[in-house]
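A structural walkthrough
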Amino acid sequence: MDDGFLMEVCVDSVESAVNAERGGAGRIELCAGLVEGGTTPSMGLLQVVKQCVRVPVFVMIRPRGGDFLYSDREVEVMKADIRLAKLHGADGLVFGALTEDGRIDTELCTALLAVCRPLPVTFHRAFDMVHDPLVALETLISLGFERVLTSGCDSSALEGLSLIKRLAEQVMSSAGCVTSDLFPPGGGITERNLQRILEGSTASEFHCSARSARDSGMKFRNPNVAMGASFSAPEYSIKVADVAKVRTLNAIAKNIL
């Protein structure tokens, strides 16, 4: 954070990880299934990404898409994935878990944090699905999470900016020593709105994907078959982190902070 900020880019491929670093990302959040909001990546992907980049790599621990209410067997999967991610070089971990009534699952989070340590841990955007974000934030701080990724419980960080600012003010007034990197805003951040988000919050970090679509290299294409549900991404268009977009976002942030 030599320039006073840190940009974290979420990626789901080696190409995107390399592009993110080339563009100036200070940290990578490694996921699979970005269409679903991010799920646990393969350990093969983690191994190769760690060989190709030098910036810290935080690994998403999320066994499936959908809600953040997990069964006992899913919890066992999460614990196993945490252990494997640590074994294969993860620099930090990212997870979130809620109760059925929209509160932080303190028992599960405590158990998972114990498996994660000594690595730093981010509570991901499950936070944006909580019943009471102010109460949830106090819970997460007491549990020991280093970061809370949030769009301010709205459709994007820009739309949720007022809540992000309110959360930061609440923490600063109650603790006085919590730094602004506790709340990296994330969700819908682009070149068009980053300046407003950073100027309207106390954030010294932000989270984005900075992706563009590139055409597949396939010459033969079968237009009658899709490899997923109707809402899935098309087979012949691949989204990857865009070096130019990452650099542009970096430049915007440098001019502000």
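Residues numbered from 1 in each chain as written. Predicted model: local features only at pLDDT ≥ 70, side-chain atom pairs only at ≥ 80, totals over all residues. Heavy atoms only, no water.

1. Things to note about the nonpolar core
Of all hydrophobic cores here, the largest spans 70 residues; its most connected members are L93, F95, F123 and F206. Beyond its immediate stretch of four places on either side in the chain, F123 contacts F95, G96, A97, L98, I104, C109, L140, F145, R147, V148 and L149. Formed by six residues, the second largest nonpolar core is a distinct cluster that contains C31, L34, M60 and V94. (Core = buried A, V, L, I, M, F, W, Y, C linked by side-chain atoms within 4.5 Å. Buried < 20%, exposed > 50% of the residue type's maximum accessible area, 1.4 Å probe, protein only. Contact = heavy atoms within 4.5 Å.)

2. With respect to the packing of helix 3 (residues 72-87) against helix 4 (residues 106-116)
As a packed pair, helix 3 and helix 4 sit with axes 9 Å apart at the nearest point and diverge in direction by 20°. By the criterion of interaxial angle, the relationship of helix 3 to helix 4 is roughly parallel. For helix 3 against helix 4, the interelement crossing comes out right-handed. Here V75, M78, K79, I82, R83 and K86 of helix 3 lie close against helix 4, whose contacting residues are L108, A111, L112, V115 and C116. Of the residues belonging to the contact of helix 3 with helix 4, the class tally is eight nonpolar, no polar and three charged. (Axes fitted to C-alpha atoms, helices over the stretch in contact; angles between N-to-C directions. Helix = DSSP H or I, 4+ residues; strand = E, 2+ residues; numbered from the N terminus. Parallel < 35°, antiparallel > 145°, perpendicular 65-115°, else oblique. Left-handed = near helix turned anticlockwise from the far one by under 90°. Nonpolar A, V, L, I, M, F, W, Y, C, P; charged D, E, K, R; others polar.)

3. A look at the packing of helix 1 (residues 14-23) against helix 2 (residues 43-52)
At a minimum axis distance of 9 Å, the contact between helix 1 and helix 2 shows a crossing angle of 30°. The orientation of helix 1 with respect to helix 2, classified from their angle, is roughly parallel. You can see that helix 1 and helix 2 cross each other, and the crossing is right-handed. Two secondary-structure elements touch here, helix 1 through V14, A17, V18 and E21 and helix 2 through L45, V48, V49 and C52. A breakdown of the residues in the contact of helix 1 with helix 2 according to their chemical character gives seven nonpolar, no polar and one charged.

Everything listed here is a matter of geometry and, on its own, says nothing about what the molecule does.
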